[in-house]
Amino acid sequence: MINNPLSTAEVAFFKENGYLIKRAILDPALMAQARAAMWAGAPAQLKRDDPDSWIGSFQEKSDDPDSVRFGHTWKYRAPGKEPWMVQLLPKNPIVWGIAEQLLGAGTLPEPERVRGIYNILPEGDAPEQPYRCHVDQHPFNLGVVAYIDNVPPNGGGFTVWPGSHRIFYPTFATEYTFTPTDAAQAAVAAVQQQAYVDCYGAAGDVVFWHHRLGHSAGHNRSRQIRQAVLYDFKKYNLEERQAVPTPPDMWTDWSI
């Protein structure tokens, strides 16, 4: 763990915008291992040495919880429990240090798994689709999206609406559970009209984001697969705070 890896300016940026990108902080060897695991578990449709096979939606939908596939999305969860995957992302010294700096030292249980490797196939010449923001429904404190391969602009990068966490936060009745009030729908419509940010980047880049931030998976208009590993940091006290009415101060459960 690295103590206080974020500068004062970076913490201020996170509080204002609800997200922060840290560049080149993952272990290259572990990223290579993750890419190899992804290809080892890839369906027959995807051939590593044939980029043309990556373009377009999946021919067959899969409801296998370890390998969910639909449209252009493949959520490969099977490797998520591997110790080296945990070391790749949440237990990376810089990542863990940032999480403790934001949420409090000693407040985080040891991670047992990550969500998995989440991939988005290139859309090819399919008509471009609009971006739709949403807020995640499951309770957590701090999300992280880590790229294990390069993600070019418009290449399916994690997409955020800066500052939307401050708009959405008071529209939920409770602090962490998905309890939208009547004001939530109007907030979605308002945020949807604002400019979004395509968080593209290079292998090793990590996006940190607030749990009430409006976001979307990006549309992949490149010719390569968007490969990302996802994890949700959850404090020890998350379960007991789930039903707490939303406090006026959105940072009351943070250390910043």
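Above: the structure in question.
As the structure is a prediction and not an experimental result, all values here were calculated from the model.

Notes on unusual backbone geometry
- Within the chain, Asn-4 stands out as a residue other than glycine whose phi angle is a positive 45 degrees.
- Inspection of the secondary structure assignment puts Asn-4 in the segment before helix H1 (8-17).
- The phi angle at Ala-24 is positive, at roughly 55 degrees, despite the residue not being glycine.

Some words on helix H6 (residues 182-192)
- Buried within H6 we find Ala-184, Ala-187 and Val-191. With its buried residues spanning 60 degrees around the axis, H6 presents them on a single face. The outward face of H6, more than 90 degrees from its buried face, is lined by the exposed residues Asp-182, Gln-185 and Ala-186.
- Structurally, H6 contributes buried residues whose contacts are with helix H5 (164-168).

As for the environment of Pro-28
- Relative to the elements of secondary structure, Pro-28 occurs in helix H2 (residues 28-40).
- Judged by its relative accessible area of 56%, Pro-28 falls in the exposed class.

Points about the pattern of salt bridges
- One pass over the structure, following the stated rule, counts 11 salt bridges.
- Measuring nitrogen to oxygen at the nearest pair gives 3.3 Å for the salt bridge that ties Glu-110 to Lys-91. Of this pair, Glu-110 sits in the loop between helix H4 (93-103) and strand E4 (116-120) while Lys-91 sits in the loop between helix H3 (83-88) and H4, and the two are 19 residues apart along the sequence.
- By relative accessible area, which is 22% here, Lys-91 ends up partly exposed.

Things to note about the sheet that holds strand E9 (residues 215-216)
- Sheet architecture is open: 3 strands sit in the order E7-E6-E9, paired in antiparallel fashion. Each edge of the open sheet is held by one strand with a lone partner, namely strand E7 (197-199) and E9.
- By the bridge criterion, 2 bridges tie strand E6 (residues 158-160) to E9 in an arrangement that is antiparallel. Paired with Thr-159 across the strands is Ser-216, a residue of E9.

Analysis parameters
Residues numbered from 1 in each chain as written. Predicted model: local features only at pLDDT ≥ 70, side-chain atom pairs only at ≥ 80, totals over all residues. Heavy atoms only, no water. Helix = DSSP H or I, 4+ residues; strand = E, 2+ residues; numbered from the N terminus. Buried < 20%, exposed > 50% of the residue type's maximum accessible area, 1.4 Å probe, protein only. Arc of directions from axis to C-beta. Contact = heavy atoms within 4.5 Å. Salt bridge = Lys/Arg side-chain N within 4 Å of Asp/Glu carboxyl O. Pairing = 2+ DSSP bridges.

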